[in-house]
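# Inside the fold
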Amino acid sequence: MQIITKKQELQQVVEACKKNHQTIGFVPTMGALHEGHASLVRRAVQENDVCFVSVFVNPTQFNNKEDLAKYPRNIERDAALLSSIGANYVFAPTPEEMYSAEEMNNTFSFDFAGLDQVMEGKMRPGHFNGVVQVVSRLFYLVQPDRAYFGEKDFQQLAIIHHMVERSELAGTFGNLQIIGCPIVREASGLALSSRNERLSETEKQTALGISKTLFASSKWAKEAGATVAEVQQRVIDAINAIDGLEMEYYEIVDQTTLLPTTTFNHAIGCVTVYCGPVRLIDNIKYE
Ligand code: AMP
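Residues numbered from 1 in each chain as written. Predicted model: local features only at pLDDT ≥ 70, side-chain atom pairs only at ≥ 80, totals over all residues. Heavy atoms only, no water.

### Remarks on the overall build of the protein chain
Counting secondary structure elements, the protein chain contains eleven helices and nine strands. The globule rule puts the C-alpha radius of gyration for 287 residues at 19 Å, and the 19 Å found for the protein chain is close to it. Principal axes of the C-alpha set define a box for the protein chain whose edges measure 60 × 40 × 40 Å. Residue burial in the protein chain is summarised as follows: out of 287 residues, 54% are buried. Taking contacts inside the protein chain between residues at least 6 apart in sequence as the whole, the part at least 24 apart equals 71%. Looking at the protein chain as shown, the accessible area adds up to about 13200 Å², and 49% of this sits on carbon and sulfur atoms. Of the charged side chains in the protein chain, 26 are positive and 35 negative; the average position of the first set lies 2 Å away from that of the second. (Helix = DSSP H or I, 4+ residues; strand = E, 2+ residues; numbered from the N terminus. Rg over C-alpha atoms; globule rule 2.2 N^0.38 Å. Buried < 20%, exposed > 50% of the residue type's maximum accessible area, 1.4 Å probe, protein only. Contact = heavy atoms within 4.5 Å. Areas by Shrake-Rupley, 256 points an atom, 1.4 Å probe, with all protein chains shown as cover. Lys, Arg positive; Asp, Glu negative; His and termini not counted. Charge placed at Lys NZ, Arg CZ, Asp CG, Glu CD.)

Structure, rendered in structure tokens:
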């Protein structure tokens, strides 16, 4: 496995793959890798001739400087994991290699068709601008045939689909296929996240209340006469009743439009909760 830090070198490697008619699978990450990331990489390795992974803590998608500073970083451990599961190339640039000073201020603008006005977009203004800025740049550089994203960041996945299929950037990435992959959880139910590294053992136990409540809500949704509004409120009340958790939002929305829905058909419940200082997200599909 080769670690690449310069865009120019990356482009040379990509060109060589294209010349050899090799298909490229790509997994963008911010590092501090865990089994969730590994599941995406394994699939990319399996389904393509060559697998590229990027490890880049993208400053333009953080609207909280402390969160950016505290984001866990461990490139040696990441590289060892990626090598053990068969990734071929890791692109790990510095922020300066990725962006000019002007770009670092995130002047990027993009028509999200409203997908950025709800949930994470509403709570973290500019966040998805930064995501689209970095992911589009990475797509231009890596020119993947398939790119893999986790359903844990469901709104991000919806926005990437929009970017590739329906936005002003549609068609600019060739025949790129975006592939959503299921959430990987600990045996306890806790959704794996790089931010879990910042939880104490006690906080980790407390955080279990999030997935437990979401799983319970799947049953509540099947009770005779249960409405979306009732289930949504029941989840909010249950999480708020847990000492140490502070709910930011819980919304049951349509899986495509991300707009509030009144039916469980094609619905997903998305939650963001603070556990101590750590902001955790999770979701559950109702179908
Ligand atoms: P991140 O490094 O947090 O930007 O995540 C990189 C990719 O891994 C994103 O597509 C995430 O949705 C995905 N991912 C993160 N955690 C999980 C998980 N627990 N299960 C599945 N995919 C995940």
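### With respect to the domain arrangement of the protein chain
Reports often express the size of an interface as the amount of accessible area lost when the parts come together. Under the domain assignment, the protein chain is made up of domain 1 (2–181) and domain 2 (194–285). Each of domain 1 and domain 2 has a C-alpha centre, and the two are 26 Å apart. The junction of domain 1 with domain 2 conceals about 1900 Å² of combined surface from both sides, 55% of it contributed by carbon and sulfur atoms. At the boundary of domain 1 with domain 2, the tally comes to five salt bridges. With its nearest N and O atoms 2.9 Å apart, the salt bridge here joins R195 to D67. Mapped onto the side of domain 1 that touches domain 2, the elements with two or more residues apiece are α3 (65–70), α7 (119–123) and α9 (154–165). Considering each element in turn, the side of domain 1 that touches domain 2 owes the most residues, four residues, to α7. Among the residues making up the side of domain 1 that touches domain 2, the classes are represented as ten nonpolar, four polar and nine charged. (Domains from an automatic or database assignment. Buried area = accessible area lost by both parts, 1.4 Å probe. Salt bridge = Lys/Arg side-chain N within 4 Å of Asp/Glu carboxyl O. Nonpolar A, V, L, I, M, F, W, Y, C, P; charged D, E, K, R; others polar.)

### Focus on the nonpolar core
Residues F52, F139 and I178 are the most contacted members of the largest nonpolar core, which totals 46 residues. Residue contributions to this core peak at nine residues, all from helix α8 (residues 127–142). For this core, the domains that each give at least three residues are domain 1 (2–181) and domain 2 (194–285). When near neighbours in sequence (up to four residues on either side) are disregarded, F52 contacts L10, V13, V14, C17, I24, G25, F26, V27, Y89 and V142. V235, I236, I239 and F264 belong to the second-largest nonpolar core, a separate cluster that totals 27 residues. (Core = buried A, V, L, I, M, F, W, Y, C linked by side-chain atoms within 4.5 Å.)

### Describing the side chain of N58
Examined against the element boundaries, N58 turns out to sit in the loop between β3 (50–55) and α3. One polar contact links N58 to Q61, side chain to side chain, over a distance of 3.0 Å. A polar contact is formed between the side chain of N58 and the backbone oxygen of G130, at a distance of 3.0 Å. In this structure, N58 is in contact with M30, Y99, G130, V131 and V134, ignoring residues within four places of it in sequence. (Polar contact = N/O pair within 3.5 Å; in protein donor to acceptor, adjacent residues only side chain to side chain.)

### As for the sheet that holds strand β5 (residues 146–150)
Strand order in the open sheet made by the six strands is β1-β4-β3-β2-β5-β6, with parallel pairing throughout. Across the chains shown, the open sheet's two edge strands, defined by having one partner strand only, are β1 (2–4) and β6 (177–181). Across the sheet, the mean angle from the axis of one strand to that of its neighbour is 25°, orientation sign disregarded. Here three bridges tie β1 to strand β4 (residues 89–91), and the two strands are oriented parallel to one another. For I3, the partnering residue across the bridge sits in β4 and is V90. Against the sheet, α8 makes contact with β2 (24–29), β3, β4, β5 and β6, and its axis sits at roughly 150° relative to β2, the strand it touches most. (Pairing = 2+ DSSP bridges. Axes fitted to C-alpha atoms, helices over the stretch in contact; angles between N-to-C directions.)

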